[in-house]
Amino acid sequence: MGNIIAWIVLGLVAGAIAKLIYPGRQGGGILATMVLGIVGAFLGGAIFTLLTKGKLVLAATNAFNIPSIFVAVVGALVAIWLWNLINRTA
């Protein structure tokens, strides 16, 4: 149960930071920010594991510390970029 709460808090923090960093306007409220951050934590964890261990594993960060926030924010930035690519209007 503690891990789920930590992921929610990490997701909220990472999603909010990513929305502040990413240029342009992103819609959505607090729930969208939280989901974005949680997806970013998984995506960032997978990218980090791929770069450091050479394996593609779907994993999130386990601890709530500065490196895990950084990885989650980078993952959330990638998630925002991918979402904007998918929802691009012509």
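The preceding data block contains the structure.
Predicted, not measured: the structure shown is a model, and the values here were computed from it.

On to the nonpolar core, then. If you look at the biggest cluster of nonpolar residues, it comprises 12 residues: Leu 10, Ala 14, Ala 18, Tyr 22, Leu 36, Ala 41, Ile 69, Ala 72, Val 73, Ala 76, Ala 79 and Ile 80. Secondary-structure elements contributing two or more residues to this core are helix H1 (2-21), helix H2 (30-53) and helix H3 (66-86). Among all residues touching Tyr 22, those that are not within four sequence positions of it are Leu 77, Ile 80, Trp 81 and Asn 84.

The next point concerns the packing of H2 against H3. Direction vectors running N to C along H2 and H3 enclose 110°, while the axes themselves pass 6 Å from each other. On the basis of their axis angle, the class for H2 and H3 is roughly perpendicular. On H3, the residues that touch Leu 36, Gly 37, Val 39, Gly 40, Ala 41, Leu 43, Gly 44, Gly 45, Ile 47 and Phe 48 of H2 are Val 71, Ala 72, Gly 75, Ala 76, Val 78, Ala 79, Ile 80 and Leu 82. Grouping the constituent residues of the contact of H2 with H3 by class yields 13 nonpolar, five polar and no charged.

Over its 24 residues, H2 runs 34 Å from end to end, which matches the ideal 34 Å to within 8%, given 1.5 Å per residue. What H2 keeps buried is the set Thr 33, Met 34, Leu 36, Gly 37, Gly 40, Ala 41, Gly 44, Gly 45, Ala 46 and Thr 49. Looking one or two residues past H2, Gly 54 carries a phi angle of roughly 75°, positive in sign.

Bringing H3 into the picture now. Note on helix geometry: an α-helix contains 3.6 residues per turn, so any two residues three or four positions apart are oriented the same way. With 21 residues, H3 extends 30 Å from end C-alpha to end C-alpha; this agrees with the ideal 30 Å at 1.5 Å per step. Burial in H3 covers these residues: Ser 68, Ile 69, Val 71, Ala 72, Val 73, Gly 75, Ala 76, Ala 79 and Ile 80.

The next point concerns a nonpolar patch on the surface. Residues Leu 12, Ile 30, Leu 31, Val 35 and Val 39 make up a contiguous nonpolar surface patch of about 450 Å² in total accessible area. Looking at the nonpolar patch, the element that brings in the most residues is H2, giving four residues. Relative to the helices and strands, Ile 30 is located in helix H2.

Mapping Val 13 onto the fold places it in helix H1. Taking the C-alpha atoms as reference, Val 13 lies 8.6 Å from Thr 33; in sequence the two are 20 residues apart. In contact with Val 13, not counting residues within four places along its chain, are Phe 64 and Ile 69.

What counts and what doesn't
- Residues numbered from 1 in each chain as written.
- Predicted model: local features only at pLDDT ≥ 70, side-chain atom pairs only at ≥ 80, totals over all residues.
- Heavy atoms only, no water.
- Core = buried A, V, L, I, M, F, W, Y, C linked by side-chain atoms within 4.5 Å.
- Buried < 20%, exposed > 50% of the residue type's maximum accessible area, 1.4 Å probe, protein only.
- Helix = DSSP H or I, 4+ residues; strand = E, 2+ residues; numbered from the N terminus.
- Contact = heavy atoms within 4.5 Å.
- Axes fitted to C-alpha atoms, helices over the stretch in contact; angles between N-to-C directions.
- Parallel < 35°, antiparallel > 145°, perpendicular 65-115°, else oblique.
- Nonpolar A, V, L, I, M, F, W, Y, C, P; charged D, E, K, R; others polar.
- Expected span 1.5 Å × (residues − 1).
- Patch = residues over 30% accessible without salt bridge, like charges linked within 9 Å, V, L, I, M, F, W, Y side chains within 5 Å.
- Areas by Shrake-Rupley, 256 points an atom, 1.4 Å probe, with all protein chains shown as cover.
- Salt bridge = Lys/Arg side-chain N within 4 Å of Asp/Glu carboxyl O.

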